[in-house]
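Summary of structural features
The lines below spell out each chain.
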Amino acid sequence: SCASGWQKMCMSAKVQCRDNTARVVWLSVYVFLNVVIFIAKFLVYQLSERHGPARDLLGLGINFARAFGQVAVFNMMLIFWPVCRKLMGYLRDMTSLHFWRWIPFNDNITFHMIAGHMVMLAGLAHTGAHLYNFYLYNNEPNVEVWENSPFGKSGAFDGPNPSYLEVMRTLPGLTGHILLAIMLIAYPCSIFFRRRNFNMFWYTHNLFLVFTIVFMIHGAQSWLEPTQAVWYTLPGFAVYLLGRIQRKFEVDGNVEIVRASTFDNTTVLWTRKPRWNKFRFSTPGSYALLNIPEIAKFEWHPFTISSAPSDELLRFHIRNAGDWTGQLWNYVNEMESKSTSNSEKRTLGRFDTLNPSRVGLTNESLGVKMNMPFTHIRIHGPNGAPTQDYLRYERVVLVGAGIGVTPFASILREIMAKWRSKKCECCGHINRSVHESDLLKRVQFHWVTREQTDLSWFAPELSELASMDSEGRLEIHQHITGISVTGTETSRSLVETVQRVAHEKQSHDIISGITGAKQLTHFGRPHWKTYLRKIAQDFQGKRIGVFYCGPTRLENVLRIVCRELSESYLDRKLKFVFSHENF
């Protein structure tokens, strides 16, 4: 049993390494470099004659202080690069160089957080070592040892055994306490308040800009060695700041809101496309940053664009999940109650409004009169997201949970636009040559939601897609988890019978409102292994992309299922590559 357990662990580790090669390599290199940098700096101070006077005064304390400080400098060198959105998007889109194969762009925020944790841990350890050092030189009885040390020669102290106040008056002492204070304020807010209170997270997180400037001058007096922090930290910091400054000039602050509506706890915005030339929305699944000064002047929030690049308008589905989104929902809901009748509101979700000229709508007939405090927003982007990698696979599984369906709505709309342009006018089906020229051959789409009313959001798009899919390349599965029909066999049978009869007569799903789909709406949680095995039939030697956007709980389930199925298909050299949306 022990042997079999060991074999299972080895097999699981092998599959993890195979499916996450880039992640494993980058993380291994990162850990290795941190360890090497720590050991190297420790040995330099332990063995070098140059640092002998400091070692005579402080012993191993100076070794640990400098080693942890060097680890902090290394991580400050890395911490800004992952959040340089423009640079990351540019590298991701350089498909000819295949950077996306070797650089895990989808984990940029995770790596940013890892580097932040390391800065915090190394900084606290560096502080602890220097507190120990203060105890030593504050109680050093040998005046000669003090005077020969770098601290005695610095001229910053009146004499041996300096007080804590004297230390604080020096540049390293003052900046060190400022760095510690910022860490103790901003770090907990970054960990605990990012989702709960974005305002608190954002304003305290901006303190790290001050932290970075202070960090770069912390060792400027060069008591022990020439300062390094500024040269390591400045490049990434400068690129990041340039990106934020560039955003100010690239933002169109006069983007018109054409329509606005609320569905349960979700706000839907239809806007004109920004007019500046650098707004190049060409890849479905991208996201943009939105700013509404009337709600919060300095807050920018990322939201997926749920319309397709070929649409005339931009569309955003924004879930009411915080103070900013809650205020937006209240504004729009109040506007609807004053300006919109119930019949008008039901038409706001129609996908044709994304292309008003296509259906003959003018500016006057398109929009609802806006009685909100604002009629324009500021938009910056678009930026790349993991879901845009779907074109790199022949077969993909798209899973959206709740509002997480938005990137896949954009992808499906783009597929629909391409199919529509090649649709036969006689039969309404797609020219076979379109499918043969695409790498993407088969799509399995899942939408998991608690409320049946949510399914009306994209019913027109899905109906048109289903009507054009004559070869069964698209599966549409919608799962309602908030309604249970398992109480009695009679109730379950009744629902299934009504669904089936309506579908047989009119090819219409009465639950979701989709016409032409081959799959009916499901009740309860899906059995993911069954669906993934289905799309893997008659397929070997390649990768199947599984893309997910939604809550973490389902993300973990899908990740485990993909790993287990990849293990079971080792003989066919088939693996499921899992990606999830992460802002």
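**Looking at a nonpolar patch on the surface**
The grouping of Val25, Trp26, Val29, Phe32, Leu33 and Val36 at the surface amounts to a nonpolar patch, some 540 Å² of accessible area in total. Structurally, the position occupied by Phe32 is in helix α2 (residues 21-47).

**What to know about the confidence of the model for the chain**
Do not read the predicted coordinates in detail wherever pLDDT is low. Scored by pLDDT, the chain has a mean of 79; 81% of the residues are at 70 or more. Per-element averaging of pLDDT across the chain places helix α16 (residues 342-346) at the bottom with 45 and helix α13 (residues 207-217) at the top with 94.

**What about the pairing of strand β9 (residues 474-480)?**
For β9, the buried fraction is high: 7 of the 7 residues fall into the buried class. Burial along β9 is two-sided: Leu474, Ile476, Gln478 and Ile480 facing one way and Glu475, His477 and His479 facing the other are all buried. Inspection of the sheet shows strand β8 (residues 442-449) paired to β9 by 7 bridges, in the parallel sense. Residue Gln444 lies in a different strand from β9, and its bridge partner there is Glu475. Of the crossover connections in this fold, the one passing from β8 over helix α20 (residues 459-468) to the parallel β9 is right-handed. Direction of pairing for β9 relative to strand β10 (residues 522-523): parallel, over a ladder of 2 bridges. In the sheet register, Ile480 faces β10, and the bridge partner there is Phe523.

**What to know about the environment of Val35**
Mapped onto the fold, Val35 is located in helix α2. A relative accessible area of 44% places Val35 in the partly exposed class.

**Notes on the pattern of salt bridges**
All chains considered together, the criterion is met by 10 salt bridges. Linking Asp311 and Arg413 is a salt bridge whose minimum nitrogen-to-oxygen distance equals 2.6 Å. Of the two residues, Asp311 is situated in the loop between β4 (301-304) and β5 (314-319) and Arg413 in helix α18 (residues 406-421); the sequence distance between them amounts to 102 residues. Neither Asp311 nor Arg413 differs from the other in exposure class; each is buried.

**A word on the layout of surface pockets**
One number sums up the size of the second largest pocket: a volume of about 920 Å³. Along the wall of the second largest pocket there are 38 residues; nearest its centre are His126, His130, Pro172, Gly176 and His218. Counting only elements with at least two residues in the lining of the second largest pocket, the list comes to α4 (60-78), α7 (108-138), α10 (164-169), α11 (171-192) and α13. A per-element tally of the lining of the second largest pocket places α7 first, with 8 residues.

**Points about the sheet that holds strand β12 (residues 575-580)**
Strands in a sheet are paired, the pairing made by backbone hydrogen bonds, and the direction either parallel or antiparallel. One open sheet accounts for 6 strands, arranged β10-β9-β8-β7-β11-β12; its pairing is parallel. Since the sheet does not close on itself, it has two edges, and those belong to β10 and β12, each with one partner. Bridge count for strand β11 (residues 543-549) against β12 is 6 bridges, and the pairing is parallel. The partner of Phe547 across the bridge, within β12, is Ser579. α18 rests against β7 (395-401), β8, β9 and β11 of the sheet, and its axis sits at about 135° to β7. Sheet strands in contact with helix α22 (residues 528-535) are β7, β8, β9, β10, β11 and β12, and its direction is about 165° off that of β8.

**Topic: the environment of Lys418**
Mapped onto the elements, Lys418 comes out in helix α18. Remark: the alpha-carbon pair of Lys418 and Ser310, spanning 108 residues in sequence, is separated by 9.1 Å.

**What about α18?**
Taking 1.5 Å as the rise per residue, α18 with 16 residues should run 22 Å; its terminal C-alpha atoms sit 23 Å apart, in good agreement. Taken residue by residue, α18 has Thr406, Pro407, Phe408, Ala409, Ser410, Ile411, Leu412, Arg413, Ile415, Met416 and Trp419 as its buried positions.

**A look at the nonpolar core**
Core analysis: the biggest nonpolar cluster contains 40 residues, and Val396, Leu398, Leu412, Ile415 and Phe445 have the highest contact counts within it. Secondary structure elements with two or more residues in this core: β1 (252-263), β2 (266-271), β7, α18, β8, α20, β9 and β11. In this structure Val396 touches Tyr390, Leu440, Arg442, Val443, Gln444, Ile535, Gly545 and Phe547, once residues within four positions along its chain are discounted. Ranked by size, the runner-up nonpolar core spans 25 residues in total, among them Phe80, Val214, Phe215 and Tyr240.

**A few points about the pairing of β8**
With 8 of 8 residues buried, β8 lies mostly within the body of the structure. Where burial is concerned, the two faces of β8 agree: the one with Arg442, Gln444, His446 and Val448 and the one with Val443, Phe445, Trp447 and Thr449 are both buried. Alignment of β7 against β8, held across 7 bridges, turns out to be parallel. Paired with Val397 across the strands is Gln444, a residue of β8.

**Focus on the packing of aromatic side chains**
On inspection of all chains with the given rule, the structure shows 15 aromatic pairs. The interplanar angle of 90° and the centroid separation of 5.3 Å between the aromatic rings of Phe134 and Tyr164 together place this pair among those described as edge-to-face. Of this pair, Phe134 sits in helix α7 while Tyr164 sits in helix α10, and the two are 30 residues apart along the sequence. Both rings, one in Phe211 and one in Phe215, keep their centres 6.1 Å apart while their planes meet at 20°; by these two values the pair is stacked. Placement of the pair is Phe211 and Phe215 together in helix α13, with a separation of 4 residues, close to one helical turn.

**Examining unusual backbone geometry**
With phi around 55°, Ser222 is a residue other than glycine that occupies positive phi space. Within the secondary structure layout, Ser222 lies in the loop between α13 and α14 (229-250).

Analysis parameters
- Residues numbered from 1 in each chain as written.
- Predicted model: local features only at pLDDT ≥ 70, side-chain atom pairs only at ≥ 80, totals over all residues.
- Heavy atoms only, no water.
- Patch = residues over 30% accessible without salt bridge, like charges linked within 9 Å, V, L, I, M, F, W, Y side chains within 5 Å.
- Areas by Shrake-Rupley, 256 points an atom, 1.4 Å probe, with all protein chains shown as cover.
- Salt bridge = Lys/Arg side-chain N within 4 Å of Asp/Glu carboxyl O.
- Helix = DSSP H or I, 4+ residues; strand = E, 2+ residues; numbered from the N terminus.
- pLDDT = per-residue confidence, 0-100.
- Buried < 20%, exposed > 50% of the residue type's maximum accessible area, 1.4 Å probe, protein only.
- Pairing = 2+ DSSP bridges.
- Right-handed = clockwise from strand over helix to strand, strands pointing away.
- 1 Å grid on protein atoms, 1.4 Å probe; cavity = no way out; pocket = protein on both sides within 12 Å on 5 of 7 lines; lining within 4 Å.
- Points joined across faces, edges and corners; volume = space filled by probe spheres on them.
- Contact = heavy atoms within 4.5 Å.
- Axes fitted to C-alpha atoms, helices over the stretch in contact; angles between N-to-C directions.
- Expected span 1.5 Å × (residues − 1).
- Core = buried A, V, L, I, M, F, W, Y, C linked by side-chain atoms within 4.5 Å.
- Phe/Tyr/Trp six-rings, centres within 6.5 Å; stacked < 30°, edge-to-face > 60°.

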